Amino acid sequence: MSDSEKNQRPNAHYPLSNKDHYGQESVTYFYNRERRLAMASKTVQDIYKEQPPRRFGLLWPLIGSRPRAILFSSIMVCCLLILIISFMGLDGNTHLLGGNRLAIQAMEYEGTVIVSLQKTVRKNLFFPSVSAYTGTVTIGVAADADTVFHHAITFTPERKERYGFAVPFAADELALTFEAGTHILDITIKTE
């Protein structure tokens, strides 16, 4: 056997292509995309339908398809709920008393509890003519039923004010009662 016979494929005498196509000017294709798409379902035809490019838009990329629209609407609902909760003063350790938002802390220092109070006037967007309470606020602090401490402060029309006072007893938890005219607020706070 010669080297040329060894390197030949085993079926060298079989023709691998149709010789009739070589002499023609155009090649016959057996795959026709238009014919395949004509026999496809409506959803497949919609996927392959060519659409002109869209103009730039701000909202369309966010809600262009159903999953994106659902995601966008759920994000908007969450943001709206967060705004409502923060506007109503239901977040964290803030409390409302006569149109004033109060942030209250109690800290123990060398056997004495110091109560810190920050007052912020809450802006009323719906009724701007209604103003926040200004005047004397009586505070009652109790560690248990027998020990009650009374203190008084005065709210002024200032937007932000800070108050602090010491309670003559130490406790892990304090019950506070605020009386501002006809407004009453009862809360319980833990000593830090």
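All figures in this text were calculated on a predicted structure; none of them were measured in a lab. (Residues numbered from 1 in each chain as written. Predicted model: local features only at pLDDT ≥ 70, side-chain atom pairs only at ≥ 80, totals over all residues. Heavy atoms only, no water.)

Draft legend 1. Representation of the overall build of the chain within the structure. Within the chain one finds five helices and eight strands. Helices (α) and strands (β) of the chain occur, in sequence order from the N terminus, as α-α-α-α-α-β-β-β-β-β-β-β-β. Residue burial in the chain is summarised as follows: out of 192 residues, 20% are buried. Sequence separation of at least 24 residues holds for 48% of the intrachain contacts in the chain that already meet a minimum separation of 6. (Helix = DSSP H or I, 4+ residues; strand = E, 2+ residues; numbered from the N terminus. Buried < 20%, exposed > 50% of the residue type's maximum accessible area, 1.4 Å probe, protein only. Contact = heavy atoms within 4.5 Å.)

Draft legend 2. The arrangement of the sheet that holds strand β6 (residues 160-167) in detail. One open sheet holds the four strands; their spatial order is β1-β2-β3-β6, and the pairing between them is antiparallel. Each end of this open sheet is capped by a strand with a single partner; those strands are β1 (94-97) and β6. The mean angle between the axes of side-by-side strands here comes to 30°, regardless of whether they run parallel or antiparallel. Relative to β6, strand β3 (residues 112-121) is paired through eight bridges, and the arrangement is antiparallel. Each bridged residue has a counterpart across the sheet, and for I114 the counterpart in β6 is A166. (Pairing = 2+ DSSP bridges. Axes fitted to C-alpha atoms, helices over the stretch in contact; angles between N-to-C directions.)

Draft legend 3. Quick peek at the packing of aromatic side chains. Summed over all chains, the structure comprises two aromatic pairs. Judged by centre distance (6.4 Å) and plane angle (25°), the ring pair of F149 and F165 falls under stacked. Of this pair, F149 sits in strand β5 (residues 148-155) while F165 sits in strand β6, and the two are 16 residues apart along the sequence. Geometrically, the ring pair formed by F155 and Y163 is tilted, given 5.8 Å between the ring centres and 35° between the ring planes. (Phe/Tyr/Trp six-rings, centres within 6.5 Å; stacked < 30°, edge-to-face > 60°.)

Draft legend 4. Representation of the sheet that holds strand β8 (residues 183-190) in the model. Overall, antiparallel pairing links the four strands, which are arranged β5-β4-β7-β8 in an open sheet. What marks the edges here is a single partner per strand, and that holds for β5 and β8. Each strand of the sheet is rotated relative to its neighbour by a mean of 20°, with strand direction disregarded. Here strand β7 (residues 173-180) pairs with β8 via eight bridges, running antiparallel. Note that in β8 the partner of E179 across the bridge is I184.

Draft legend 5. Spatial organisation of a nonpolar patch on the surface. Nonpolar side chains collect at one region of the surface, where L59, W60, L62 and I63 lie side by side and expose about 350 Å² of accessible area between them. Secondary-structure assignment places I63 in helix α4 (residues 60-63). Judged by its relative accessible area of 31%, I63 is partly exposed. (Patch = residues over 30% accessible without salt bridge, like charges linked within 9 Å, V, L, I, M, F, W, Y side chains within 5 Å. Areas by Shrake-Rupley, 256 points an atom, 1.4 Å probe, with all protein chains shown as cover. Salt bridge = Lys/Arg side-chain N within 4 Å of Asp/Glu carboxyl O.)

Draft legend 6. Structural detail: the environment of G135. In this structure, G135 sits in strand β4 (residues 135-142). Take G135: its relative accessible area is 19%, and that puts it in the buried class. As a C-alpha pair, G135 and I153 span 18 residues in sequence and 8.3 Å in three-dimensional space. Not counting chain neighbours up to four residues away, the residues in contact with G135 comprise I153, T154 and F155.

Draft legend 7. View of the pattern of salt bridges. Applying the stated criterion across every chain, the model contains four salt bridges. Among the salt bridges present, the one from E173 reaches K190, with a minimum N-O distance of 3.1 Å. Note that E173 is positioned in strand β7 and K190 in strand β8, a separation of 17 residues in sequence. Look at K190 and you get exposed, because its relative accessible area is 60%. Through salt bridges with shared partners, a single ionic network connects K42, D46 and K49.

Draft legend 8. A look at the nonpolar core. Formed by 24 residues in total, the largest nonpolar core has its most connected members in L174, L176 and F178. Elements supplying a minimum of two residues to this core: β2 (100-109), β3, β4, β5, β6, β7 and β8. Here this core takes four residues from β7, the largest share from any one element. In this structure L176 touches V115, I139, G140, V141, L185, D186, I187 and I189, once residues within four positions along its chain are discounted. (Core = buried A, V, L, I, M, F, W, Y, C linked by side-chain atoms within 4.5 Å.)

Note that all results are geometric; they support no functional claim without further evidence.
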